[in-house]
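# Notes for the structure review
Take a look at the letters that make up each chain.
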Amino acid sequence: MTISVPNQFAGTATSDVSALDANFDALVNFLNSGVDFQGAELVSSYVAIRALTASTTSTTLAFTTGRLATGDGGMGWFRADPSDTTSSDNDGTILVAGDGMRWKRLFTGNVNVRWFGANGTADDTVAIQNALNVGDILVPPGTFNVDTLRLQDSTSGHYYGILVPASRSIVVDGDINAIPNASADSNTIFAVFNVSGVKIAGIGTLAGERLGHTGTTGTYGFCVDILGSTQVSVRGLGISNGWGDGIYIDSYSATPSQFVVIEGNKIHNNRRNNISVISGSSIRISGNEIYNANGTDPQAGIDVEPDAGKTCSDISISGNIFHDNANDGVRITSGAGTTARIMVYGNDCTGDCTLGSVTSGSISAFSVSQCSIVGNQSYSSGAHGIYMDSSNQIAVSYNIVQDPKFSGIRGNCGYSNFIGNQVWGASATASGTYDGLLVDGIRNTVIGNVVRANTTVQPKSAIGLGSSMANCLIFGNELDSSSAFSIGASYDGVFGKNISTTVPYTAGDTTPSVIGREVLRISNTVATSITALDDGTTDQIITILPDANSTLVGSTRLVLNASNFTGSATAAITLLCTGPGAAAVFTELYRRA
């Protein structure tokens, strides 16, 4: 049967219910205009369609203007299917009449949840689930309510409102709110458990029940709970107010989640973390705005935190905007599990670490290895810019950190590279307390960094080198601070070609520090004897250029080949550090009077 429909209604017999609602009066006028519909029935409810029997109508086509009543979102075309004698009435797309006839909705595209009775006036959980059981769904503009404790998964123990089948697309253009509860157990709006091929996207919102929660314990209320699933994406949504996390990614039984994409969302005001990754690989989190995680620790924008026996690997965190999270913007920790190949690059972090914890930063890593932190920007952190502890094989490169409360970059790690970073105005609210760039550990490379003070505060030093530093290379850094370097008592490393713009020799200093220097020009207004050079490093070679008022005097720490060395306009003496440390020993190599 072919029915001609005017252009303004084209497509409205499919899934475009919003268009039908907008043009409802015109559509009714059209249906009442006398156009021949070859006997199609016009009814106002599903009840009326179920009442169509062979004794009451000879048509096989009907149009209803509503589900329960005209204009309630259930309108659409139905066709009788005499060949089907077994399908159940699902109260949305298949209606079974009194004589057993199956009336089937004519549509293409996604199933509209309003067809199944979701309308925001009460609990919409079952209606949305019933729609999703049929196929891909549309949650249209409007407000809808979900009971996140409706059912419990027997394997994970997690409660959920809506269980997403495999290979489903969910378009959320409306606002889905969790119904307040008092539970301390894991519960969620959407449960994606042990399935593949799930897409959740739209311009709408998912809101947990934090603002109405009636309990005081637990941290496990989610908006989206992804367990042991693959090829899952969440895009374009506002996700907020979880009693625990906005998005939670973990394994299902022993199966980790894989190939998960979280992209283009606005995720905020979740009580524990905005996003938590507990177990998974090949996960991409990009282009989101992630802010104001607060309430109970860790309180991070993103927290990668594998549990015992679990692994988080091959995770990319890129191009996100983080701001005003109570602790870290990005927090990576091995915890009791394992992390590997975590890449954090190109993110913009502003004003995170509002609690001011000395063990937090815009980006933080704890006990991890094989992690890259590259090309990020951190502004006005309430703690450190980038913070690392007990970690190895970390690449920290080409980041910009400006005005952190504590250190710009703090790295207690080994076998790591700190290359091409810029730190401006470290120790912003505690002048002289924290280093601009602090590195402590073995076999680290610190090359080509720029560390500058701002006009009102000074870091403790531009670069701080901890006492555990060994076999390290410090080369080609540009340092603008009242102190270029501070050095631990047992430091062992090689310096070269570092430029310090504001740390001259202080007149009258008889034991000047030569940390990081290749050349030291000494100028005094009165006769001064230099008896030692402090803070030397193994195999450091330095050339001293003393003036006529300055004399290097031989001692146990300043071993000269001949007599004491008094300077002149052309004098130079070159020495080799043979005993590193604060009380360094330097031995003369050659001199020129």
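Residues numbered from 1 in each chain as written. Predicted model: local features only at pLDDT ≥ 70, side-chain atom pairs only at ≥ 80, totals over all residues. Heavy atoms only, no water.

This part covers the overall build of the protein. The helix and strand inventory of the protein stands at four helices and 55 strands. Sorting the 593 residues of the protein into buried and exposed places 53% on the buried side. Summarising the internal contacts of the protein: among those between residues at least 6 apart in sequence, 62% fall at separations of at least 24. For the protein, the exposed surface amounts to about 22300 Å²; the carbon and sulfur share of it is 51%. (Helix = DSSP H or I, 4+ residues; strand = E, 2+ residues; numbered from the N terminus. Buried < 20%, exposed > 50% of the residue type's maximum accessible area, 1.4 Å probe, protein only. Contact = heavy atoms within 4.5 Å. Areas by Shrake-Rupley, 256 points an atom, 1.4 Å probe, with all protein chains shown as cover.)

To continue, consider the sheet that holds strand β49 (residues 528-530). Taken together, the three strands give an open sheet; going across it, the order is β49-β51-β53, and neighbouring strands pair in mixed fashion. The sheet is open, and its two edges are formed by β49 and β53 (565-566), each paired on a single side. As defined by bridge partners, β49 adjoins strand β51 (residues 550-552) across three bridges and the pair is classed as parallel. Bridge pairing in β51 places Thr528 opposite Ser550. (Pairing = 2+ DSSP bridges.)

Turning our eyes to something else, we now look at the packing of aromatic side chains. Tallied over the full model, the rule gives nine aromatic pairs. Look at Tyr160 and Phe193: their rings are 6.1 Å apart centre to centre, the planes differ by 90°, and that puts the pair in the edge-to-face class. Of this pair, Tyr160 sits in strand β10 (residues 159-163) while Phe193 sits in strand β13 (residues 187-193); the two residues are 33 residues apart in sequence, bridging distant segments of the chain. When its relative accessible area of 8% is taken as the criterion, Tyr160 is described as buried. (Phe/Tyr/Trp six-rings, centres within 6.5 Å; stacked < 30°, edge-to-face > 60°.)

This brings us to the pairing of strand β16 (residues 221-227). Most of β16 is tucked away: seven of the seven residues are buried. Pairing analysis gives six bridges linking β13 to β16, with the strands arranged parallel. Each bridged residue has a counterpart across the sheet, and for Phe190 the counterpart in β16 is Val224. Sheet analysis places β16 next to strand β19 (residues 247-250), joined by four bridges and oriented parallel. Of the residues in β19, the one forming a bridge with Ile226 is Ile249.

Now for the side chain of Asp84. Structurally, the position occupied by Asp84 is in the loop between β3 (76-81) and β4 (94-96). Reaching out from Asp84, the side chain makes a polar contact with the backbone nitrogen of Thr86 at a distance of 2.9 Å. A polar side-chain atom of Asp84 sits 2.5 Å from a polar atom in the side chain of Ser87. For Asp84, the residues in contact, after removing those within four places along its chain, are Arg102 and Lys104. (Polar contact = N/O pair within 3.5 Å; in protein donor to acceptor, adjacent residues only side chain to side chain.)

Structurally, Val192 can be placed in strand β13. According to the relative accessible area criterion, Val192 is buried, its value standing at 0%. Residues Val192 and Tyr160 lie 32 residues apart in sequence; the distance between their C-alpha atoms is 9.6 Å. Residues within four places of Val192 in sequence aside, it is in contact with Val164, Val198, Ile200, Asp225, Ile226, Leu227, Ser229 and Val232.

The next point concerns the sheet that holds β4. Pairing within the open sheet is mixed, and its five strands lie in the order β1-β2-β3-β5-β4. Two strands lie at the open edges of the sheet, namely β1 (41-43) and β4, each paired on one side alone. Averaged over neighbouring strand pairs, the angle between their axes works out to 25° when direction is ignored. Here three bridges tie β1 to strand β2 (residues 61-64), and the two strands are oriented parallel to one another. (Axes fitted to C-alpha atoms, helices over the stretch in contact; angles between N-to-C directions.)

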